[in-house]
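Listed below are the residues making up each chain.
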Amino acid sequence: MKKSLVFLAFLCVSVSFSQSKSFEISGTLVAEEDQSPLESATIYLEREKDSSLITYTISDKNGNFTLQERSSDKAANMYVSFVGYKTYYQRVLLDKEKINLSKIAMAVSDNALDEVVIKSAAPITIKKDTLEFNVSSFKTKKDATVEDLLKQLPGVEVDEEGKIKINGKEVNKILVNGKPFFGDDPTITTKNLTKELIEKIQVVDTKTKSEAFTGEVTDGENKTINLTISEEKNKGVFGRIAAGAGTDERYEGAGMLNYFNNDRRISVLLGGNNINSPGFSFGEIRKMFGGANSMSMSSNGTFTIDGRTFGGGQGITKSQNAGFNYADVIGEKTDISADYFFSGSSSENESSSERENILPDSRYFTTSNSKSISDSDSHSANLGFDIEVDSTFLINIDPSFRYSNSKTSFFRDETSSEEENVLTNESNTSSFVENEARNFRNRLNVTKRFGNKGAFLRFNITNEINKSSSDDYLKSQTNVYGEDVTDPSNPDYVLTDQIIRDQYTDGSGERNNLNSSITYRLPIIAKELFLNFEYEYQRNKTIDTKTTLDRDLATGQYSDFNTDLSTDFEYIDEQSSPGMSISYRKEKFSSRIGAQYLFRTLENIDHLRPQLTIKRDFKTIQLSSYANYRFNDKASLYFNYRLRNDPPQLSQLQAFNDVSNPLNTVVGNPNLEPESNHRIYAGFNSYDFQNRTGFYSYFGATFTNNKIVSKTTINEDLVRQTTYANVNGSYDFYGGVDYDKRVKVDSLRSISAGIGVYGNFSRDINFNNGVQYASRVRSLSPEVSAKFEWKDVLEIRPRYSINFSKNSYNIAAFEDRDFLYHELRIGTALFLPKKFEWRNDIRYNYNPNIADGFQKSAWFWNATLAYSVLKDKGTITLKAYDLLNQNTNARRRATQNYIEDSQSTVLERYFMLSFSWKFNSLGKKGETNDGGGFYFD
């Protein structure tokens, strides 16, 4: 099959090259009135027969431009668009390889309306801080979603799971007419809204509402997409419903209904399945509701979307979800948004592991098997109010509520043995835990601007209250074996200690967090140089109470108070940090450097053991800085440095002797010092978004002093005692380079290739049975990828990566180890014959280092065949998951102290047939735009 795909791609490329020819159109743009050059004008070429975009470019600072492409067309229409000038048009014959149009004089537009028309006609408009795509200039297949459209835009990458990058930078927020659509998860928007609804796609740097209001410059490392809907299309109803059934009793179902009426938006969704999907699957090929991609699903049944958890645990998960979203404008000054989500799940998982534990003078082996069954439900509600009192005063209020409960049954057997395979200890545990949690959080942000030079005052306060309770029933037995001291002639180990537990723990907790800050920005040079005065205050208080009762053998009741396993802690973490920073911004360069002085107090009050009460004060300086230089719209250089001091966790400081695990007793160290972390990060990006060719590179380093590490000693019975200590000499270097190149065969076909190399070198200081040592880890991961696209016909996407790792140690007792891991992925999509869509996702993993008894390699092949019916409003889908029935999650993990092989339950092969139907009445006065659906007045 792989050879056939390669041959087909080669044949397509050969035919394409034979039918198309290259051309180059050049010229210079000047203003008609004074002959001055026009920079950043958009020049684009369209096909005569269907007005589809062939290519485009942007004029440079001297007004020069060059259009390069391959095409089989004999002539094309060329347009030049620039805000404030009339659109220039010329029909160009493509009969020469090089066509020089010399100087083109642009005439000033007669009125503002003409300017608007010009701006909307250009396929791409580049402003100072905004990249804008005109949707009508980009042709896609019928029934295309926003995700399908984004894949056609230059410089935009959409991976298999729907994650978006623009010019190499991640998109972490998508808005519709400037407002969130069903929360902040981008994939819910891109997989549900269709192209015909969208007028423009705008790309800007991600900012908070307050940052956007004050006009602050951010580091630009994350992007926001704003989808604009024209007023005549922003009214009506649209949505989709679907259901599917498969072998092994697999099923899925989902529904979504949206009502848009200009500023008012109401959306309802629901879903459920037992195929490890978040519950938003429509049986199609990555069409609806976003979330995890069921075509490359792992065994982990937990998904988080917009801060909400769907499913739970590992293994096979059955989930149900429902949600409601509302957005509106009250009066002229207040935007309101609200949403509610319910998610429920049931999951089962079985796992096994084999661990080789490394000691300075010996080794021992641990084998464990576990099973878990869990059920969980959660409810969440969010509100948002954005009140613009006037043009200089903004108030943001965002309260949220959470409620969750879960029930988990857990079983585990574990054995440890010496190198000679002599059993040393064993344990078995069974537990049933029921948890309930409530959360309330409210955020208030007040921003006031002063004058027109960039001064502002901002105040933030966040209050959070969490309450939880739990019931935990535990039964366990631990056996420790040793030499028979009564009979030295007996070579066998005998039982020397046995711990049996049958107990109930009533747990309760409460956490109250208060975080606040105030910032004043003073302009030194208007709109360029600023001095920022900042102050932050936080106070977090946590109460943790656990009452553990042992079963009374005489009465059978849980009535004997267990002091060793009970707790009554009160944690207080209080900090204040005054600081100053200076920031500078110009069109191409922005930077910021700041310093804070941190006063922090950690206090642990132990009401059960007053002698263990502890209070520690920490004072330190913290630094942060960044610089970003944009050479042009295609290349940028950035750098940042940060110094942070992290105090020990209270659990690491308190001298409480935690004996909840009989084989590993943990006690804190009240003499620990804070960690000091120096972090450096730099990178250079150069990306030609017109040709989709670019180079990325990055480098980072972290140096840690007084790093807090575990210090474990192990006795002859392999029972561990753990505490904590500070060490120096830890560091981590990492970096990578990536080059991508796309060659357009013609306006329909293109070939992309990419190569990248990523590396890491780290040094850690640790303890092993009281012996301090250093470990070094070196890893190198080269990767190659390619992509052949024949628009609306075929896609082929192969990718291969290999990882080399070497772990070395500075003590002779530890053996240096090498590791190797291979991964090959092949994705294909065929859109022929008409109305059909056939996709394949093939993944091959090979890990030669996996221990015997665990699966070393596997082919994982998913395939989906979809057929459009009912005038493209319905879709019938046949899906095959894990077609070769080889899915595995066998893993090898290597640390300084152990090497572990593990695997757990995975979703296995199934076939599913499903159907989905969409409806759409969006349009002027409810008039439909796609030839069907509902009608509303």
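Rules and cut-offs
- Residues numbered from 1 in each chain as written.
- Predicted model: local features only at pLDDT ≥ 70, side-chain atom pairs only at ≥ 80, totals over all residues.
- Heavy atoms only, no water.
- Helix = DSSP H or I, 4+ residues; strand = E, 2+ residues; numbered from the N terminus.
- Buried < 20%, exposed > 50% of the residue type's maximum accessible area, 1.4 Å probe, protein only.
- Contact = heavy atoms within 4.5 Å.
- Pairing = 2+ DSSP bridges.
- Salt bridge = Lys/Arg side-chain N within 4 Å of Asp/Glu carboxyl O.
- Axes fitted to C-alpha atoms, helices over the stretch in contact; angles between N-to-C directions.
- Patch = residues over 30% accessible without salt bridge, like charges linked within 9 Å, V, L, I, M, F, W, Y side chains within 5 Å.
- Areas by Shrake-Rupley, 256 points an atom, 1.4 Å probe, with all protein chains shown as cover.
- Core = buried A, V, L, I, M, F, W, Y, C linked by side-chain atoms within 4.5 Å.
- Lys, Arg positive; Asp, Glu negative; His and termini not counted.
- Charge placed at Lys NZ, Arg CZ, Asp CG, Glu CD.
- Phe/Tyr/Trp six-rings, centres within 6.5 Å; stacked < 30°, edge-to-face > 60°.
- Lys NZ or Arg CZ within 6 Å of the ring centre and 35° of its normal.
- pLDDT = per-residue confidence, 0-100.

**Comments concerning the overall build of the protein**
Looking only at helices and strands, the protein features six helices and 50 strands. Looking at the protein as a whole, 49% of its 937 residues qualify as buried. Long-range pairs, those at least 24 residues apart, make up 64% of the contacts in the protein between residues at least 6 apart in sequence.

**So, the sheet that holds strand β34 (residues 657-658)**
Strand order in the open sheet formed by four strands is β34-β35-β39-β38, with mixed pairing between adjacent strands. Edge positions in the open sheet fall to β34 and β38 (707-714), since each of these has one partner strand only. The pairing of β38 with strand β39 (residues 720-727) spans eight bridges and is antiparallel. Along β39, the bridge assignment pairs Val 709 with Ala 725.

**Considering the pattern of salt bridges**
Going through the model one piece at a time under the given rule, you end up with 22 salt bridges. Between Arg 438 and Glu 436 there is a salt bridge, with the nearest N and O atoms lying 3.2 Å from each other. In this structure, Glu 534 and Arg 592 form a salt bridge, with 2.6 Å as the shortest nitrogen-oxygen distance. Note that Glu 534 is positioned in strand β28 (residues 529-551) and Arg 592 in strand β31 (residues 589-606), a separation of 58 residues in sequence.

**Looking at the sheet that holds strand β7 (residues 98-106)**
Sheet strands line up and pair through hydrogen bonds in the backbone, either parallel or antiparallel. Strand order in the open sheet formed by three strands is β4-β1-β7, and the pairing between neighbours is mixed. Taken across any chain shown, the strands that pair with only one partner, and hence form the sheet edges, are β4 (64-71) and β7. Neighbour-to-neighbour, the strand axes of the sheet open up by a mean angle of 20°, direction not taken into account. Of the strand pairs in this sheet, strand β1 (residues 21-31) and β4 are connected by eight bridges, and their pairing is antiparallel. Counterpart to Lys 21 in the pairing with β4 is Ser 71.

**Re a nonpolar patch on the surface**
Where nonpolar side chains cluster on the molecular surface, the patch consists of Phe 836, Trp 838, Leu 865, Tyr 867, Leu 870, Ile 876, Leu 878, Phe 911, Leu 913 and Phe 915 and spans about 880 Å² of accessible area. Counting residues per element, the ones that place at least two in the nonpolar patch are β45 (836-846), β46 (857-869), β47 (874-881) and β50 (910-920). Broken down by element, the nonpolar patch gets its largest block of residues, three residues, from β50. Among the structural elements, Ile 876 can be located in strand β47. The partly exposed category is assigned to Ile 876, whose relative accessible area is 38%.

**Some remarks on unusual backbone geometry**
A cis amide bond links Leu 832 to the next residue, Pro 833, at an omega of -5°. Non-glycine residue Asp 248 carries a positive phi angle of around 55°. Within the secondary structure layout, Asp 248 lies in the loop between β16 (235-246) and β17 (251-261). A residue is classified by how much of its surface remains accessible, and Asp 248, at 55% relative accessible area, is exposed.

**Things to note about the pairing of strand β6 (residues 88-93)**
As paired elements, strand β5 (residues 75-81) and β6 share six bridges and run antiparallel to each other. By the bridge assignment for β6, Val 80 is matched with Tyr 88.

**With respect to the nonpolar core**
In this structure, Leu 150, Ile 164, Leu 193, Ile 198, Ile 201, Ile 225 and Leu 227 are the most contacted members of the largest nonpolar core, which totals 33 residues. Sequence-distant contacts of Leu 193, that is, excluding residues within four places in its chain, are made with Thr 145, Val 146, Val 176, Phe 181, Ile 198, Leu 227 and Phe 238. Core analysis: the second largest hydrophobic core is formed by 21 residues, Ile 25, Leu 45, Leu 67 and Tyr 85 among them.

**Some thoughts on a negative patch on the surface**
A contiguous patch of negative charge, built from Glu 348, Glu 350, Asp 375 and Asp 377, is present on the exposed surface. For the negative patch, the elements supplying multiple residues, two or more each, are β22 (334-358) and β23 (363-390). Here Glu 348 is to be found in strand β22. Assessed through its relative accessible area of 47%, Glu 348 is described here as partly exposed.

**Side note on the side chain of Ser 868**
As for its position among the elements, Ser 868 is in strand β46. Residues contacting Ser 868, with those up to four places away along its chain left out, are Lys 835, Gly 874 and Thr 875.

**Remarks on the environment of Leu 197**
Within the element layout of this structure, Leu 197 appears in the loop between α4 (186-190) and β14 (200-205). For Leu 197, a relative accessible area of 1% corresponds to the buried category. With 31 residues separating them along the chain, Leu 197 and Thr 228 place their C-alpha atoms 8.6 Å apart. Those residues in contact with Leu 197 that sit more than four places away from it in its chain are Thr 228, Ile 229, Ser 230, Lys 233, Phe 238, Asn 920 and Leu 922.

**Focus on the environment of Val 906**
Take Val 906: it is sitting in the loop between β49 (898-904) and β50. In sequence terms Val 906 and Ser 351 are 555 residues apart; their C-alpha atoms lie 9.9 Å from each other.

**Here's the deal with the packing of aromatic side chains**
A complete count under the given rule lists 28 aromatic pairs for this structure. On the numbers, 4.6 Å between centres and 35° between planes, the contact of Tyr 844 with Trp 859 is tilted. Of this pair, Tyr 844 sits in strand β45 while Trp 859 sits in strand β46, and the two are 15 residues apart along the sequence. Relative accessible area serves as the criterion here: at 26%, Trp 859 is assigned to the partly exposed category. Sitting over the face of the ring of Phe 260, Arg 265 holds its NZ or CZ atom 5.5 Å from the ring centroid. Residue placement shows Arg 521 over the ring face of Phe 530; its charged tip is 4.1 Å from the ring centre.

**Here's the deal with the pairing of strand β41 (residues 749-768)**
In this structure, strand β40 (residues 730-744) lies alongside β41, joined through 14 bridges in antiparallel fashion. Each bridged residue has a counterpart across the sheet, and for Phe 733 the counterpart in β41 is Phe 761. Pairing of β41 with strand β42 (residues 771-790) involves 20 bridges; the strand directions are antiparallel. Looking across to β42, one finds that Ile 751 is bridged to Phe 788.

**Some remarks on the environment of Ala 75**
Among the secondary structure elements, Ala 75 is positioned in strand β5. When its relative accessible area of 5% is taken as the criterion, Ala 75 is described as buried. Sequence spacing of Ala 75 and Val 92 is 17 residues, and the spatial spacing of their C-alpha atoms is 5.6 Å. Filtering out sequence-adjacent residues up to four positions away, Ala 75 remains in contact with Glu 48, Arg 91, Val 92, Leu 93 and Leu 94.

**Description of the confidence of the model for the protein**
Within the protein, residue pLDDT values average 82, and 85% of them lie at 70 or more. In this model residues 279-313 is a low-confidence stretch, pLDDT under 50, and it forms 150 contacts with partners more than four residues away in sequence or in other chains.

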